[in-house]
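# Residue-level structure breakdown
Single-letter residue listing:
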Amino acid sequence: MAGVLRDANIRRSTAAGLRILAVAAAYFVGGRIGLLEQVTVGGVQVTACWPPTGIALTCLLLMGLRVWPGIALGTLLVIAAISPLTPASFAIAAGNTLAPVCSVLLLRRAGFRTELDRLKDGVSLVFLGALTGMLISATVATVALVLAGSLPAEDFWVTWLAWWTGDAMGVLVVTPLLLAARRFRPPHDVPLYRWAEPVALLAGVAAVTLLGTRSTLHLLFLVFPLLMWAALRFQLAGATPCVLLVSVISVVAARDQVGPFEAHELFATMVTLQALNGSAALTALLLSAVVAERQSTYLKIEQACIGLAEVVARLAPGTGTPGTPGTPGPPPAVDGPASPGRPGRDDLTDLPPDH
């Protein structure tokens, strides 16, 4: 018996270790992708959208808080890949780990559901998971860099803002995408022409975003009707890939200083970029949640109506016996004693002839 328990504990420990390593690997890959579009603020490398925060929050939501060491390990691996590890590096790793952990605790307190099928869930993810939780990572990181002498004190707030918005955008863009991908099931027996709409939608979002970010005209607002179309027709499964396209294309344009980002200083560029990406993510996420909640309400009403119709069918006179709706009941008795207020057959024979 002791050997069986020991083997079970070994299997559980091995599985937990593999999950932590998987989280660390996913965080590292997301970090390397995020660093492809980095900018330098006060000598510190930051990104307009930091995908690892979205990956970390998703892993904690789906696997539980016990995988938090994978986030810390992944952060240290990302830092080690671009610069030597210092005490500030461990402080940054602590902040990057604590931020998604606190976000998960806040989301649990608010009753968050990973299906994102309620407006409450969308609002909670935006304001608790992204905007509030990521304050921790931005504050810890910038304070550590200032204390270490890697960041000038006068660049504190610019770096803090860039760090915070990058982490928050990682949650707003990546977490809904991963949660939607987890629940996505390709429809069966769907004609090929039915795939034309989502393909055309993605192509339209890419084309309009390229036009808006590569033109001197201010045309970025044209992408929002397409995001609304994606949310209304396909909810998260269609809206989140569109938001990812908008974010990637706009980040590249901001890095190249073209279109609406041309001839702007870094702070103005970051503000414009985050306003665009944040508005796109909020529009898609909240509208998808509203549509999903409405559909869920309609389904509950339909089920309630079906249940009520079955109850009425059982209780309606002449429609069947209790428990078997629609089955005719036995014919009324003709012979036998008369019931109160109604004559029996023997009583009818005793009536006068004029009756």
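These notes cover the structure that comes with them. (Residues numbered from 1 in each chain as written. Predicted model: local features only at pLDDT ≥ 70, side-chain atom pairs only at ≥ 80, totals over all residues. Heavy atoms only, no water.)

### What about the packing of aromatic side chains?
Note the cut-off: Here a pair means two rings of Phe, Tyr or Trp (six-membered ring of Trp) with centres within 6.5 Å. Their orientation is stacked below 30 degrees between planes, edge-to-face above 60, and tilted elsewhere. The cut-offs for exposure are 20% and 50% of the maximum accessible area for each residue type, with area from a 1.4 Å probe on protein chains only; residues under the lower value are buried, those over the upper are exposed, and the others partly exposed.
In the structure shown here, the tally under the stated rule is three aromatic pairs. With a centroid separation of 5.0 Å and 90° between ring planes, the pair formed by F156 and W157 is classed as edge-to-face. Residue F156 is classed as buried on the basis of its relative accessible area of 16%. Counting every residue linked through ring pairs, the aromatic cluster contains F156, W157, W160 and W164.

### What to know about the packing of helix 8 (residues 196-214) against helix 9 (residues 223-256)
The cut-off we apply is this: For every element, the axis is a line fit to its C-alpha atoms; helices are fit only across the contacting stretch, and the angle between N-to-C directions ranges from 0 to 180 degrees. Comment: elements are numbered from the N terminus, with helices defined as DSSP H or I runs of at least four residues and strands as E runs of at least two. Should the near helix be turned anticlockwise from the far one by less than a right angle, the crossing is termed left-handed; should it be turned clockwise, right-handed. The classification used treats Ala, Val, Leu, Ile, Met, Phe, Trp, Tyr, Cys and Pro as nonpolar, Asp, Glu, Lys and Arg as charged, and all other residues, Gly among them, as polar.
Between helix 8 and helix 9, the shortest axis-to-axis distance is 8 Å and the interhelical angle comes to 35°. Between helix 8 and helix 9 lies a crossing whose hand is right-handed. A class-by-class count of the residues in the contact of helix 8 with helix 9 yields 19 nonpolar, four polar and four charged.

### What to know about the packing of helix 4 (residues 87-109) against helix 6 (residues 134-148)
We count it as follows: Here the word oblique covers every angle except those under 35 degrees (roughly parallel), over 145 (roughly antiparallel) and from 65 to 115 (roughly perpendicular). Residue contacts are counted whenever heavy atoms from the two residues lie within 4.5 Å of one another.
Close contact between helix 4 and helix 6 brings their axes to 7 Å; oriented N to C, the two are set at 170°. In this view, helix 4 runs roughly antiparallel relative to helix 6, as classed from their interaxial angle. Seen from helix 4, the contacting residues are A88, A91, I92, G95, N96, L98, A99, P100, C102 and S103; seen from helix 6, they are M134, I136, S137, V140, A141, A144, L145 and A148. A breakdown of the residues in the contact of helix 4 with helix 6 according to their chemical character gives 14 nonpolar, four polar and no charged.

### Some remarks on the side chain of T97
Inclusion rule: Residues adjacent in sequence count toward polar contacts only when both atoms are side-chain atoms; beyond that, a polar contact is any pair of N or O atoms within 3.5 Å, and within protein one must be able to donate a hydrogen and the other to accept it.
Structurally, T97 is set in helix 4. For T97, the side chain forms a polar contact with the main-chain oxygen of A93, separated by 2.8 Å.

### Focus: unusual backbone geometry
You will see that L116, though not glycine, has its phi angle at about 50°, which is positive. Structurally, L116 can be placed in the loop between helix 4 and helix 5 (119-132). A positive phi angle, close to 55°, is found at Q257, a residue other than glycine. Structurally, Q257 can be placed in the loop between helix 9 and helix 10 (266-315).

### A look at a nonpolar patch on the surface
Selection criterion: The residues that make up patches have over 30% relative accessible area and no salt bridge, and they are joined within 9 Å when like-charged or within 5 Å when they are Val, Leu, Ile, Met, Phe, Trp or Tyr. Only the protein chains shown count as covering a residue, and every accessible area follows the Shrake-Rupley method with a 1.4 Å probe. Salt bridge, as used here: a side-chain nitrogen of Lys or Arg that lies within 4 Å of a carboxyl oxygen of Asp or Glu.
A cluster of nonpolar side chains, contributed by L18, L21, L73 and L77, occupies part of the molecular surface with about 360 Å² of accessible area. Elements with a minimum of two residues in the nonpolar patch: helix 1 (2-34) and helix 3 (68-82). By the element assignment, L21 lies in helix 1.

### Notes on the environment of V126
Locating V126 in the fold gives a position in helix 5. Residues V126 and V171, 45 residues apart in the sequence, show an inter-C-alpha distance of 8.2 Å. Ignoring any residue separated from it by four or fewer positions in sequence, one finds V126 in contact with L131, L172, L282 and L285.

### Considerations on the pattern of salt bridges
Counted by the stated rule, this structure contains four salt bridges. A salt bridge links D117 to R113; the nearest nitrogen and oxygen atoms lie 2.8 Å apart. Between R214 and D256 there is a salt bridge, and its shortest N-O distance comes to 3.4 Å. Taken together, the residues span a long stretch of sequence, with R214 in helix 8 and D256 in helix 9 at a distance of 42 residues. Its relative accessible area of 44% is what places R214 among the partly exposed residues.

### Some remarks on the nonpolar core
Rule in force here: Among buried residues, the Ala, Val, Leu, Ile, Met, Phe, Trp, Tyr and Cys ones that are joined through side-chain atoms within 4.5 Å form a nonpolar core.
In this structure, L57, F112, L116, L125, V223 and L227 are the most contacted members of the largest nonpolar core, which totals 62 residues. Looking at this core, the element that brings in the most residues is helix 7 (residues 156-183), giving twelve residues. Excluding residues that lie within four positions of it along the chain, L57 makes contacts with P100, S103, V104, L107, L125, G129, V171 and T175. Counting eight residues, the second largest nonpolar core, distinct from the first, contains A48, A253, F261 and L273.

### Points about helix 6
The criterion, for reference: In this analysis, the expected span of each helix is defined as 1.5 Å times one less than the number of residues it contains. This arc is taken over the directions from the axis of the helix to the C-beta atoms.
Compared with an ideal rise of 1.5 Å per residue, which puts 15 residues at 21 Å, helix 6 spans 21 Å between its outermost C-alpha atoms and is within 8% of the ideal. Of all the positions in helix 6, only M134, S137, A138, A141, T142, A144 and L145 are classed as buried. Along the axis of helix 6, the buried residues cluster in a sector spanning 160°; they form a single face. After helix 6 finishes, the residue G149 shows a positive phi value of roughly 80°.

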